[in-house]
Amino acid sequence: MESKIQIGCRRVAYVLLIVSSLFALYTSGFGLLSAMAQRSIHWLFMIVCIFLLYPIKKGKNINVLDIALAAVSALATLYVVFTWQRNALRIADPAVWEIALCVIGVLLVLEATRRTMGMAMPIIAIIALAYAFLGPYIPGALKHKGFSLSSLSSFLYTTSEGIFGMAMGTSATYIIVFVLFGAFLAKSGAGQLFVDLSLAATGRKRSGPAQATILSNALMGIISGSPVANVVTTGSFTLPLLNSAHYPMIEGAAILAVAATGSMFTPPVMGAAAFLIADYLAVPYGNVVLAAVVPALLFYISLVVYADICAAKSGLTGIEAENLPNWKAALRDRGQLLIPIVLLIVLIVNGWSALKSAFWCVILILILAMIRKGTRMGPKAIAEALISGSKDTLSIAAACACAGIIVGVVSATGLGVKFSSLLMQIAGNSPILALILTMVASIIMGMGLPPTAVYIIMAALTVPALTGMGITNMAAHFFVFYFSCVGAITPPVALAAYSASAVAHTDPMKTGWTAFRMGLVAYIIPFIFAFNPVLLLQGGDGIMNTILALITATLGVFFFTFASEGYFKGYLHPVIRILFVAGSLSLMIPGTVTDLIGIALIAAGIVLRRGLRWHPPKKAAAAPAGQREAKTQ
């Protein structure tokens with residue numbers, strides 16, 4: 001039973017979360033405050049609510065210590081809110097009490113991050129702080145002059161280069177408003193609409209439940225933006241359908257995890273790091289959305305083919321029509337909720353401010369939800385959406401604050417320049433080797449940190465080196481962005497895959513490795529657009545060359561998937577799989593010569609397939625004959 005302290009703290013936190021959401025909506029619609037004011041007020045709400053909602057130890061109740069930390073964090077942040085202008089013009093050294101507040105503020109950021117995200121990111125931040133203090137004693141190229149406690153704490157806590165840097169700015173503007181957009185969609189019933197439409201559109205196909213899983217996750221990314229949240233939300237609807245349709249559950253759970261991860265880089269609303277790309281490059285968010293379209297499309301095409309191959313191997317036939325949702329009824333009951341999503345895309349692509357677009361689309365959701373009784377939002381539902389929007393932003397804001405410490409140290413010590421120089425030396429000025437090293441580092445960090453945090457850190461450390469080797473700014477940032485996301489399906493720590501495994505009751509490691517195999521295209525495409533950004537709809541090769549590159553890349557994705565699964569109208573001989581892999585990779589690389597090579601290799605594989613028969617694996621051989629003879633494509 002909850003104590004009075006617990007109930008009181010939660011009520012206070014919920015009031016603050018509502019005010020936080022209203023503040024974010026108001027400033028997005030009617031004009032932002034100055035950068036430091038917007039960021040510090042946002043963080044004030046976030047950190048106080050973290051200490052009121054997240055106890056010092058998971059599973060325990062909120063106690064007096066948590067309340068005290070919430071009060072101290074409010075005091076330390078209010079200091080920034082009311083003194084940032086004076087601090088910006090300061091000439092004299094700060095007073096002792098001001099230094100103490102700055103130190104306390106930094107320590108509270110570390111503790112807030114630990115409570116919301118675990119120990120991994122605070123440990124990295126502590127290592128960064130140790131590096132800042134111990135610089136004079138470090139031998140070699142990483143040596144620097146070092147910093148005093150007063151200068152470093154003041155730099156990190158009272159300037160826009162540390163905790164209140166660009167990452168916090170993105171959290172205080174784009175991220176919270178788009179999370180609110182998703183929260184209002186969810187509360188009005190759009191999630192059920194997405195699942196119903198997905199099942200109605202794909203359910204009759206042999207891989208119908210799997211296709212519905214893929215499509216609903218791509219749509220749910222608009223609401224959630226979190227792979228694990230997508231897995232839990234859509235998995236509760238789709239996994240029982242997969243099971244009832246006798247779809248292999250390990251493959252079904254893997255498809256769920258991969259589709260949920262893909263929602264992080266699926267426009268128009270992608271992971272939080274996508275908004276940071278726009279800020280780093282100082283371009284409209286619509287430019288980032290357009291650049292993301294083709295890679296996301298190729299990723300989901302590959303996953304759709306995987307899903308169909310798995311169904312073909314199992315001899316499935318699809319769901320009976322009477323067991324499927326009625327798409328007409330779904331549109332009649334909730335179809336108006338699609339209008340804000342379409343409008344959001346149109347506004348962003350046409351150059352509207354992303355903030356104003358999201359603000360007016362939230363208002364439109366409220367208006368359109370009133371049309372039907374099933375979607376109507378009363379005062380309680382609106383309050384719940386406001387609470388949910390800010391509450392779902394807490395961990396992101398903490399990650400941005402902690403990342404601000406790391407990026408601040410990188411900036412102050414010159415580590416970014418040194419790391420980029422070191423990366424170039426190790427790579428020997430070889431772009432491909434530099435990209436591989438960046439990929440490995442991003443994936444390793446992604447095993448313990450959320451995508452936003454990985455992107456912020458890796459962008460500061462590696463993007464300068466990549467652009468210095470001739471890779472375009474957009475391609476370099478997207479490269480880091482993609483590999484900050486795919487850690488969710490990369491063993492041995494594949495959080496999205498393990499979450500799907502828990503929901504589906506399958507073996508975690510088998511599910512993780514299956515998800516990794518199904519998501520292989522996401523590991524290949526970034527290398528292609530890094531060298532030829534035509535897949536990002538950039539490069540200026542002309543409209544016909546761009547269209548040709550997209551067609552051949554799509555064809556390449558198809559045959560890469562066939563080769564990866566070893567199945568194309570029957571099981572493939574290893575020689576044919578090799579030809580398909582080589583041919584598909586050649587087709588994915590834009591260029592006339594590579595396209596011709598790819599077509600020749602794939603054509604050779606198709607011709608040889610008639611003569612080189614291959615037996616199914618033992619597991620498949622044990623299946624009924626009717627299942628083994630099922631054909632795909």
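Residues numbered from 1 in each chain as written. Predicted model: local features only at pLDDT ≥ 70, side-chain atom pairs only at ≥ 80, totals over all residues. Heavy atoms only, no water.

## Regarding the overall build of the protein
Reasoning step 1: Within the protein, the regular secondary structure consists of 30 helices and zero strands.
Reasoning step 2: Counting all 633 residues of the protein, 55% fall into the buried class.
Reasoning step 3: When the accessible surface of the protein is totalled, it reaches about 25,600 Å², and 68% of it is carbon and sulfur.
Reasoning step 4: For the protein, the centre of its 39 positive side-chain charges and the centre of its 20 negative side-chain charges are spaced 3 Å apart. (Helix = DSSP H or I, 4+ residues; strand = E, 2+ residues; numbered from the N terminus. Buried < 20%, exposed > 50% of the residue type's maximum accessible area, 1.4 Å probe, protein only. Areas by Shrake-Rupley, 256 points an atom, 1.4 Å probe, with all protein chains shown as cover. Lys, Arg positive; Asp, Glu negative; His and termini not counted. Charge placed at Lys NZ, Arg CZ, Asp CG, Glu CD.)

## A word on the packing of helix α27 (residues 574–588) against helix α28 (residues 592–609)
Reasoning step 1: Relative to each other, α27 and α28 sit at 155°, their axes nearing to 7 Å. In terms of their interaxial angle, α27 and α28 are classed as roughly antiparallel. The crossing of α27 and α28 is left-handed. Of the residues in α28, those touching α27 at Ile576, Leu579, Phe580, Ala582, Gly583, Ser584, Ser586 and Leu587 are Thr594, Asp595, Ile597, Gly598, Ile599, Leu601, Ile602, Ala604, Gly605, Ile606, Leu608 and Arg609.
Reasoning step 2: Residue composition of the contact of α27 with α28, by class: 12 nonpolar, six polar and two charged. (Axes fitted to C-alpha atoms, helices over the stretch in contact; angles between N-to-C directions. Parallel < 35°, antiparallel > 145°, perpendicular 65-115°, else oblique. Left-handed = near helix turned anticlockwise from the far one by under 90°. Contact = heavy atoms within 4.5 Å. Nonpolar A, V, L, I, M, F, W, Y, C, P; charged D, E, K, R; others polar.)

## What about the pattern of salt bridges?
Reasoning step 1: With the rule as written, the count across this model stands at eight salt bridges.
Reasoning step 2: The partner of Glu111 in a salt bridge is Arg114, with the nearest N and O atoms 2.8 Å apart. Taken as a pair, Glu111 and Arg114 lie in helix α4 (residues 96–117) at a separation of three residues, close to a single helical turn.
Reasoning step 3: Residue classification places Glu111 among the buried residues on the basis of a relative accessible area of 18%. (Salt bridge = Lys/Arg side-chain N within 4 Å of Asp/Glu carboxyl O.)

## Considerations on the confidence of the model for the protein
Reasoning step 1: Confidence along the protein averages 86 in pLDDT terms, with 93% of residues attaining 70 or more.
Reasoning step 2: The spread of mean pLDDT over the elements of the protein runs between helix α30 (residues 625–628), the lowest at 40, and helix α2 (residues 35–53), the highest at 95.
Reasoning step 3: Throughout residues 621–633 the model reports pLDDT below 50, and contacts reaching past four residues in sequence, or to other chains, amount to 31 contacts. (pLDDT = per-residue confidence, 0-100.)

## Some words on the packing of aromatic side chains
Reasoning step 1: This model, assessed by the stated rule, comprises 32 aromatic pairs.
Reasoning step 2: An aromatic cluster is built from Phe265, Tyr280, Phe299, Tyr300, Tyr455, Phe478, Phe481, Tyr482 and Phe529, whose rings are joined through pairwise contacts. (Phe/Tyr/Trp six-rings, centres within 6.5 Å; stacked < 30°, edge-to-face > 60°.)

## Remarks on the side chain of Ser584
Reasoning step 1: Summarising the element assignment, Ser584 is placed in helix α27.
Reasoning step 2: Leave out the neighbours within four places in its chain, and Ser584 touches Gly556, Phe559, Phe560 and Ile602.

## Remarks on the environment of Leu290
Reasoning step 1: Following the sequence through the fold, Leu290 ends up in helix α13 (residues 285–313).
Reasoning step 2: Along the chain, Leu290 and Thr594 lie 304 residues apart, while their C-alpha atoms are 25 Å from each other.
Reasoning step 3: Residues in contact with Leu290, not counting those within four places in the same chain, are Val349 and Leu537.

## Concerning the side chain of Thr173
Reasoning step 1: Secondary-structure assignment places Thr173 in helix α7 (residues 166–187).
Reasoning step 2: Within the local environment of Thr173, its side chain forms a polar contact with the backbone oxygen of Gly169, the two atoms lying 2.6 Å apart.
Reasoning step 3: Apart from the residues lying within four places of it in its own chain, the contact partners of Thr173 are Leu32, Gln38 and Leu355. (Polar contact = N/O pair within 3.5 Å; in protein donor to acceptor, adjacent residues only side chain to side chain.)

## Concerning the nonpolar core
When a protein is soluble and globular, its nonpolar side chains tend to lie buried together.
Reasoning step 1: Ranked by size, the top nonpolar core spans 196 residues in total, and within it Trp43, Tyr285, Phe478 and Phe481 carry the most contacts.
Reasoning step 2: A per-element tally of this core places α13 first, with 15 residues.
Reasoning step 3: The residues contacting Trp43, other than those within four sequence positions of it, are Ile50, Thr77, Val109, Ala112, Phe164, Met168, Ala397, Ala398 and Ala401.
Reasoning step 4: Listed in part, the 14 residues of the second largest apolar core include Ala563, Tyr571, Phe580 and Ile602. (Core = buried A, V, L, I, M, F, W, Y, C linked by side-chain atoms within 4.5 Å.)

## So, the environment of His573
Reasoning step 1: Examined against the element boundaries, His573 turns out to sit in the loop between α26 (543–565) and α27.
Reasoning step 2: Residue classification places His573 among the buried residues on the basis of a relative accessible area of 17%.
Reasoning step 3: The spatial distance from the C-alpha of His573 to the C-alpha of Ser442 is 35 Å, given a sequence separation of 131 residues.
Reasoning step 4: Within the structure, His573 has its side chain in polar contact with the backbone nitrogen of Val575 (distance 3.1 Å).

## Observations concerning a nonpolar patch on the surface
Reasoning step 1: A contiguous nonpolar patch, built from Leu422, Ile426, Ile432, Leu433, Ile436, Leu437, Val440, Ile444 and Phe531 and spanning about 740 Å² of accessible area, is present on the exposed surface.
Reasoning step 2: Secondary-structure elements contributing two or more residues to the nonpolar patch are α19 (415–427) and α20 (431–446).
Reasoning step 3: Of all the elements, α20 adds the most residues to the nonpolar patch, at six residues.
Reasoning step 4: Residue position: Phe531 is located in helix α25 (residues 521–531). (Patch = residues over 30% accessible without salt bridge, like charges linked within 9 Å, V, L, I, M, F, W, Y side chains within 5 Å.)

## Topic: the packing of helix α1 (residues 4–30) against helix α17 (residues 379–391)
Reasoning step 1: Viewed as axis vectors pointing N to C, α1 and α17 meet at an angle of 85°, and their least axial separation amounts to 8 Å. As far as their axial angle goes, α17 and α1 are roughly perpendicular. In this structure, α1 contributes Tyr14, Leu17, Ile18, Ser20, Ser21, Leu22 and Leu25 to the contact, and α17 contributes Ala383, Leu386, Ile387, Gly389, Ser390 and Lys391.
Reasoning step 2: Here the contact of α1 with α17 is built from residues that sort into eight nonpolar, four polar and one charged.

## Digging into α7
Reasoning step 1: Taking 1.5 Å of rise per residue, 22 residues should cover 32 Å, and α7 covers 30 Å from first to last C-alpha, within 8% of that figure.
Reasoning step 2: Ala172 marks where α7 bends most, by close to 35°.
Reasoning step 3: By the criterion of burial, α7 is predominantly enclosed, with 19 of the 22 residues buried.
Reasoning step 4: Just beyond α7, the residue with positive phi is Gly189, at close to 100°. (Expected span 1.5 Å × (residues − 1). Bend = angle between axes of the 7 residues up to and from the residue.)

## Thoughts on the environment of Cys485
Reasoning step 1: Among the secondary structure elements, Cys485 is positioned in helix α22 (residues 473–485).
Reasoning step 2: For the pair Cys485 and Gly446, spaced 39 residues apart in the sequence, the C-alpha separation amounts to 7.1 Å.
Reasoning step 3: Beyond its immediate sequence surroundings of up to four residues, Cys485 is in contact with Thr261, Met264, Phe265 and Pro451.

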